Each structure stands twice: as structure tokens, then as C-alpha cells.
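This is what each chain is made of:
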There are 2 protein chains.
Amino acid sequence: MSEKTKRYFLSEEEIPRYWYNILAEMPVKPLPPLNPATREPLKPEDLYPVFAEELCRQELNSSDAWIEIPDEVREKYKYYRSTPLVRAYGLEAALGTPAHIYFKNESVSPMGSHKLNSALAQAYYCRKEGVTNVTTETGAGQWGASMAYAARLFGLEAAVYQVKVSYEQKPYRRSMMQTFGAQVTPSPSMSTRAGKDILTANPHHQGSLGTAISEAIELARTTPGCKYTLGSVLNHVALHQTVIGLEAEKQMALAGEYPDMVIACFGGGSNFGGIAFPFMRHNLKGASSTRFIAAEPASCPKLTCGEFRYDFGDEAGYTPLLPMFTLGHDFTPPNVHAGGLRYHGAGVIVSQLLKDGLMEAVDVEQIESFDAGVLFARSEGIIPAPESCHAIAATIREAAKCRETGEEKVILFCLSGHGLVDMASYDKYLAGDLVNYAYKGR
Amino acid sequence: MSEKTKRYFLSEEEIPRYWYNILAEMPVKPLPPLNPATREPLKPEDLYPVFAEELCRQELNSSDAWIEIPDEVREKYKYYRSTPLVRAYGLEAALGTPAHIYFKNESVSPMGSHKLNSALAQAYYCRKEGVTNVTTETGAGQWGASMAYAARLFGLEAAVYQVKVSYEQKPYRRSMMQTFGAQVTPSPSMSTRAGKDILTANPHHQGSLGTAISEAIELARTTPGCKYTLGSVLNHVALHQTVIGLEAEKQMALAGEYPDMVIACFGGGSNFGGIAFPFMRHNLKGASSTRFIAAEPASCPKLTCGEFRYDFGDEAGYTPLLPMFTLGHDFTPPNVHAGGLRYHGAGVIVSQLLKDGLMEAVDVEQIESFDAGVLFARSEGIIPAPESCHAIAATIREAAKCRETGEEKVILFCLSGHGLVDMASYDKYLAGDLVNYAYKGR
């Protein structure tokens, strides 16, 4: 039997020491975020009341391509990084494709997803600046669990607003956050003005990332020593996530290959940017022509059906105005099980890259995503998160094209998380009870 | 900041090529298992109707210390092995102990526990011998999920009897098994004669590993082309699990240390034997004096309160008579959340080793186990399985002794699995609703 390498690791010394800031190297810089009161371009100081100051500076830093990872954060990365780069021999065989499929397995993080990469960084900067309490929002709970853990690690109290439908669908994630000592409140709630307004207008509101963000920001603004943290969408979150792609680049080199395509699921853009941007920098320099494909749910298709314009990042309009692909900040996505993808807009950087044709987007129906997830589970042994199933579905489509053409394309996708805490959604799929949701604007 | 190594890995070439069979090197061999009909020592052929033949031979092989791992099994080990050996700096700091604490992290397996190590081997041998269907029992569902996956991988149909109380407490594990295509039935059930008899005697029976084993064996015996597989207790299961300790031995060498103590939780003995036996072989040769500590639940204390005698491995008396520490095969353990430890007896090898003073046993109350688990989660980031919490509790006791004496002892424990599918039990703990269960015979 041939000795085929299945998984590639890096030593702890090879874990990246810098994050990659694509903002510094984009051929067309994004339009500036605007202060909604003045319509003036945002300055870092405008964000200081809400975020740790260093994160505000990272958010608007368009000059430094490389940002050093603090030693304290890198020490914590060692708890689970490097994550394995895996050759999906099992999936390739199941598909009968000549494509070489690799995935970066972020599901091995102790919280089960890539979210910890940014949570650790945000908690560290908050702590360094004397913050005592952090707030945040969470959808499926992947981000909330990661933030709860990171807060505990750096000695911070955490309050998490969880989208109500996910709070009910995924009680285990609530328990995980509480195990780390966080306070968890379903959103919309009566604990904030924003929540009360939303519930007054619609007492049966199921919640969305937009409502939860509004509530978390309001709590941070009205609580001394408290800052807000965000799990996706913003530039600094994608910045921290580039540790994924930077590791993958070194690991692909160990495998002796380079990706023709890089694929990730898309909610706000952090896992997509995290795996894509480090490879995209070579495209920007003309050194490669990799395709970058974001896979979003057909029920919440801001990239494939949204409008590019200034919009708020949250339901209540507390955030700066961001130039983004959006379905409108008051759009309430249907209750698909991929809770982490139920967000109305796309991050500023990714929106500009899509506008400029430097990346692509596809949409995937809920049932197709679970078809892909179950096939992956049965061939690779890992039950993927419903969010990650979208990346797998897009990968399977491309691998099927290779089967037709006979091309040995190299496909790399991000397995952003596992689905062990989402088994209720697999139950529904196996029972034939899952449905697709049409997007009215299509 | 000093660059302290957190995790140690092996390359795929260094994954062991042989399992270690301690049966061949024990100073006092265990008494033979007996055929209950004839009271004669069991021969491999007596087991052929129930198990794959190669597994029967492994079960009674007391002459070969090293058994080659088939290439096909080793290829699948690469999907998740080597598992990391981790230095628990966070836990050490939380305890203020000078002890060096390491854990072998088996929770990174795709099914979340060590069980896959033997499931893959058993499924492989069944397939090789032309078996088409396998049955098994499962408690918490860790073994059932692993067997469901391994069966799928080697093209076998799987039927799993899950202990009723775990089936109800842990619905996600049922979903995991079903995602891999297995049939899952709560035990005791009306689908077998054994189940009917148990339910007739006690209609509210909550099930135990003993009842589930009886049902699974009966189904295998009465179904052509079908074999039974077992997740612990038997010699061949512990044999397969020695891949844990053999890896850990190489990884401890990378860390430049050797364990003064090896600790694991104890249900039937497979994760304990898996990590302990490879180190114990050096004790047997007088080359080391490591202590080996099995941590069992105080509510099901066969090692610390049981009797050493011949007993059945299952409730209905279908198995051979095994010389073991036992609480009696009709003992129904209380409904502790560590479902995988709710078993009345101990494996034959471990029983003999305990009798001969070559290892120790301690018992841990349920609340102490969760105290330990939450402290571990908050300091190492991994939420442990309720079973593994027992090993952590025993480790914490030993680390506390080191704090008193100032000794820098090296402690290695097996983190047999994560608790992400057991969050309901953490909910109860955090709500203050967990109780300890006294063992009447103490």
C-alpha cells in the first residue's frame, strides 16, 4: 500500500507571526465607512467608544500589509494551531473526480470553529487597554462560545446576545458559553432599547445577527469599562482570520501543490477572507490566477442578489454606514440552520473585491448544503457545521466539473467548523423535514 | 516571552505499526474465560459465532507481544492520528502546582473520543471475513457513533443498541449514528428476547451497558452474516487502544520527560489500558516505577468495591464467564452522566493487574468530576466528556499533593473525549442540580 500523506501540520515555530492586511494592497481601495451623523469618513477615534482602540486602528489601517501577532495571542494559538490541512481522498473517491481536494480543518479548535482566531485577539487587546467587560452577538453560537472562552482566558466578563432562533435551536452552544462563565440573552430581548423597539414592532421577531449586534453595541455604549466585539464583517476580524490562509499556504507547499480554487462559506466574510486573502495577494501581484469562490445560502444571498451601497451593519442603525453588498439592514433571513450565515450584508473589503471581479460568489439551497454535508461526513468522517456545508456543496460542484473535463484541478476549501452541536438540523434533514427558502428579490 | 511547546505531534510515518499485547508479558496470566455451558476454558472457536475470527484469536493470544496493525486500518488512523500530546500549562497555573501535567488528547478524533481506534480495527476484520452486518451496544454513544462511522467506511450495515437513559439524555449522539446510516434502538427494547425478559421483570428499566450487550449479541447470533462488536472490556479492544500509549510514549520523549503517573477514567478498561499498557511494559521489566491510576465513578465502583470472581459480561448471561472485578452482572448503575462508565465489571487483564498490585484505582463522586471538568475547560479551553472528567479529577488530586510537597512530578492523563455532545449534563451542574449517588455496598 502506498503511503499517501493525509494531513499536513506545521510546527509551533511555523505558526504565522504576522496577519496579512489585504487592505494595504488592494488595487481599488474600498469607499470609506461613514459616520452616520455627519456623513463624514470615519476616523479611528469615532469607533473608540465601541471597540478597543487597537482594533479601531486595525479596522482602518490601509497602509501596513503585515500586522504583528502579539506573543500573548500566539501563545494561545498554540492550544489548537496549526490546524491540519487535509487531503480529502475519501471525498474524491466518493465523487469519482480527478480533482485534488484539500480542506483546512478549522473544526479542530476547542470551540469547534475558526472563530477563536479573532476572539483571542480581540479579548487580548481589550484586556491590554484596561477593559473589564465585553459584549458581543452570536448566531449559531460559534462566535459566542469562542468569545466566552477568550474572555475567560484574559480575565474579562462576557455578555452575549444570541439570535433567538439559534438560542432555541442550539441549546448546547448556550451551555458552552455558560460553562465558560458568560451571560447569554436571546435577542431581541427586553434588556435594551433596541430590543424593545424591535419587539414592539414585531413581537414574534425570531432575531437576526442584526438585532443581536444592536443590543450588544447598546450594552457596551451604556456600560463603563465595557467594549463590544464582533465575530465577522469588519476588516479587523478578517485580518485575524488570515492566520488560516497563511498556514494553508505553507501546508499546500508541503503537499507540493497550489490551489486553482479557494472556496469558503460566506456569512459576513471572515472565514472566507481568512483563507482567501493570503492566496489572493499572489493574484494581485500577477503571480497566480486562483479563483476565489464565496458560497452563501440561497435564502440570504447578499452577494448574488444584493445591492452595493452604503448601509448599516445592524438592525437598529447603531453602526457606521458601510459600503457593502446588502439585502437591507432590516432584512430578516429565514430560519435556515446555517445560523452563522444569516446576515444581511457583506464585509467592506469583500464587497469591493467582488465589485472589482477579483472573486466570485455562488448561492446554495439548504437541502443541497446538507446533501453535501452528509456525503462529506460519510467519506471523511467529520460531520460539518451547516455553514461549512455550503463550502462543501460549492466544492462538489467544481469537482463534478473536473469529472466531466478530466482536469486535475486543485481545490482548497475551509472547513470552518464541525456540526456536532448542530445535530438537530441533521435530524431534520434525515427525516426529510428540511425545506429550501426562496429569496423574494431574486 | 519564552517559546514553550504546547503540543507534540508525530508524523504519519511515526504512527505505530504494531499494537502492544500486554497479555504476552504479564507476570501472572489471568485465569481463562470459561464457556458457561461446560465451565471449560474458552477456545477461540467458541467465540466465532459472535465475533470476527481474527478478533477471537487476538482475544486469547497470550504469546505475541506485538500485533501488526493492518495497512488498511493504519490508513484510516491517519484521518485523525497522531492525536496531540498536550502540556496543560493552563491547568498547572490554575492549580498552582509544580507538577508537569500532560494529556493525550483523544477528543480530536472526528467522533470526539478514543473509541474510533478499535472501531476501525473491528470493522476492518469483519469486512475482511465477509461479514455484511454488525451489531453493537453503546452507553453515552461514543462507541456507537464510532462503530457507525467505521461500519460505513468498510461497507457494513450497523445496528446499535443504546442504553435507554443515554438515548434520552444524549439525542445528538443518536443523530450522529443515524447520519452515518446506522439503525439505533434504545435498550432494553422489545426487539429481542433478552430485552423482553428485562422489561417484563422491570418495565421501567433505564438500561445499562449490560442490557444493551445482551440485545446486540442476541441479534448477531440470530442474523446470518452478522457479527457483534464491543467497545470496551475485552482484551482485543484494549489491544487496539494501545495506539494511544504507544504514541504518547514517543511524544513524551519529544518533550524530554517520562510519566511518574499515568491516569485514565475507567468504564470497562479500554482507554485506561490503551494509555497505560505501553508504559506498564517498562515497569514489568523493572525499567521504571510509574504509578497507574484508574478513576472510576463512586456510583459504580467495581475496582474499589467490587469482588474478584467469575461473572458474565452482560445482563442476560450470554457472554463467557470472565474472571473480573465485578459488582454483579445484574447491577444497574445509577443514571450518572458519565454513561460510558456505567458498567458492572472490569476487563480481565486490568482485573488481574489490579489484583497483583501493578496498578491502583480511585473513585470519584459525580460533582467532583464536573468541578474538575469545568476547571479544565476554563484553563485549557476543551470541555471534557463527563467520563474524562474522572481522569481530570484524579489528576487534580495528585497535582494538589505535589503542591503540598513541592515535587515536580510528571503526570500524564488520557483525555478520552470531549463533552460537546454532553452539554445537558453541564447545564445541570451549572444549575446546581447534579447529585452524588452513594454505592450501597461501600
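As shown above, the structure is provided for reference.
The rules behind the values
Residues numbered from 1 in each chain as written. Chains lettered and ligands numbered in written order. Predicted model: local features only at pLDDT ≥ 70, side-chain atom pairs only at ≥ 80, totals over all residues. Heavy atoms only, no water. Helix = DSSP H or I, 4+ residues; strand = E, 2+ residues; numbered from the N terminus. Buried < 20%, exposed > 50% of the residue type's maximum accessible area, 1.4 Å probe, protein only. Least-squares fit on C-alpha atoms with pLDDT ≥ 70 in both. Contact = heavy atoms within 4.5 Å. Pairing = 2+ DSSP bridges. Axes fitted to C-alpha atoms, helices over the stretch in contact; angles between N-to-C directions. Core = buried A, V, L, I, M, F, W, Y, C linked by side-chain atoms within 4.5 Å. Parallel < 35°, antiparallel > 145°, perpendicular 65-115°, else oblique. Nonpolar A, V, L, I, M, F, W, Y, C, P; charged D, E, K, R; others polar. Buried area = accessible area lost by both parts, 1.4 Å probe. Salt bridge = Lys/Arg side-chain N within 4 Å of Asp/Glu carboxyl O. Polar contact = N/O pair within 3.5 Å; in protein donor to acceptor, adjacent residues only side chain to side chain.

Trainee: Whenever I open this one, the side chain of Thr-97 of chain B confuses me. Can you help?
Mentor: Note that Thr-97 of chain B resides in the loop between helix 4 (89-95) and strand 5 (100-105). When its relative accessible area of 10% is taken as the criterion, Thr-97 of chain B is described as buried.

Trainee: Would you mind showing me how to read the relation of the copies chain A and chain B here?
Mentor: Both copies of the chain are related by a screw-like operation: a rotation about an axis and a shift along it. Expressed as a screw transformation, the operator carrying chain A onto chain B has a rotation angle of 180 degrees and an axial translation of 0.0 Å, and the superposed copies differ by an RMSD of 0.0 Å. Such values leave the two copies arranged in the relation of a two-fold axis. An overlap of 100% is found between the interface residues of chain A and their copies at the interface of chain B, pointing to a shared contact surface.

Trainee: I'm lost on unusual backbone geometry in this one. Help?
Mentor: Only a minority of non-glycine residues have a phi that is not negative, and only a minority of peptide bonds are not trans. A cis amide bond, omega 5 degrees, links Ser-187 of chain A with the succeeding residue Pro-188 of chain A. Topologically, Pro-188 of chain A is positioned in the loop between strand 8 (183-187) and helix 9 (193-201). At the junction of Arg-81 of chain B and Ser-82 of chain B, the peptide bond is cis and its omega measures out at 0 degrees in the coordinates. The backbone of Arg-39 of chain A shows a phi angle near 60 degrees, a positive value even though the residue is not glycine. Among the structural elements, Arg-39 of chain A can be located in the loop between strand 2 (18-20) and helix 1 (44-47). Overall, Arg-39 of chain A belongs to the exposed group, its relative accessible area being 52%. Notably, Val-233 of chain A is not glycine yet its phi reads approximately 65 degrees, a positive angle.

Trainee: Got a minute to help me understand the sheet that holds strand 1 (residues 7-8) of chain B in this structure?
Mentor: Paired through their backbone hydrogen bonds, the strands of a sheet run either parallel or antiparallel. Residue and element names in this part refer to chain B. Across the sheet, which stays open at both edges, the seven strands sit in the order 1-4-5-15-10-11-14 with mixed pairing between neighbours. Two strands in the sheet have a free side with no partner beyond their single neighbour: strand 1 and strand 14 (360-364). Pairing of strand 5 with strand 15 (residues 410-415), which is carried by six bridges, proceeds in the parallel orientation. Of the residues in strand 15, the one forming a bridge with Tyr-102 is Leu-412. Its contacts with the sheet place helix 11 (residues 235-255) against strand 1, strand 4 (85-87), strand 5 and strand 15, and it is angled at close to 140 degrees to strand 5.

Trainee: What is the right way to read the pairing of strand 9 (residues 226-229) of chain A from this model?
Mentor: If a strand is regular, its side chains alternate between the two faces of the sheet. Residues and elements named next belong to chain A. Neither face of strand 9 is open: one carries Cys-226 and Tyr-228, the other Lys-227 and Thr-229, and all of them are buried. Across four bridges, the pairing between strand 6 (residues 133-138) and strand 9 is parallel. Residue pairing across strands places Asn-133 opposite Cys-226, the latter belonging to strand 9.

Trainee: Is there a simple way to think about the nonpolar core in this case?
Mentor: Nonpolar side chains in soluble globular proteins tend to be buried together. Counting 138 residues, the largest nonpolar core has Trp-19 of chain A together with Trp-19, Leu-120, Phe-272, Phe-277, Met-359 and Leu-412 of chain B as the members making the most contacts within it. The contact partners of Leu-120 of chain B, leaving out residues within four places of it in the chain, are Val-73, Lys-76, Tyr-77, Tyr-80, Ala-150, Leu-153 and Phe-154 of chain B. Within the second largest apolar cluster, 37 residues are counted, among which are Phe-272, Ala-276, Phe-279 and Leu-354 of chain A.

Trainee: For this particular structure, what's the right way to read the packing of helix 6 (residues 142-153) of chain B against helix 8 (residues 171-179) of chain B?
Mentor: For any two helices packed against each other, the geometry comes down to the angle between their axes and how far apart the axes lie. Residues and elements named next belong to chain B. The geometry of helix 6 relative to helix 8 is characterised by a closest axis approach of 8 Å and an angle of 10 degrees between their N-to-C directions. In terms of orientation, helix 6 lies roughly parallel with respect to helix 8. Residues Gln-142, Gly-144, Ala-145 and Ala-148 of helix 6 pack against Arg-173, Met-176 and Met-177 of helix 8. Classifying every residue of the contact of helix 6 with helix 8 by side-chain character gives four nonpolar, two polar and one charged.

Trainee: Looking at this structure, how should I read the pairing of strand 13 (residues 321-326) of chain B?
Mentor: Residue and element names in this part refer to chain B. Burial runs high along strand 13: six of the six residues are buried. The pairing of strand 12 (residues 307-312) with strand 13 spans six bridges and is classified as antiparallel. Bridge pairing in strand 13 places Phe-312 opposite Leu-321.

Trainee: Just checking my understanding: could you explain the interface of chain A and chain B for this structure?
Mentor: As a measure of interface size, the accessible area lost when the parts come together is often cited. At the interface, 52 residues of chain A touch 52 residues of chain B. Taken over both partners, the interface formed by chain A and chain B buries close to 4500 Å², and the fraction arising from carbon and sulfur atoms is 54%. The interface formed by chain A and chain B contains two salt bridges. For Arg-174 of chain A, the salt bridge goes to Asp-427 of chain B, with nearest N and O atoms at 3.4 Å. Our enumeration of links across chain A and chain B arrives at 22 residue pairs in polar contact (both at pLDDT 80 or more). Among the elements that take part in the side of chain A that touches chain B, helix 8 (residues 171-179) of chain A stands out by supplying seven residues, more than any other. Each residue belonging to the side of chain A that touches chain B can be placed in one class, and the counts come to 22 nonpolar, 12 polar and 18 charged.

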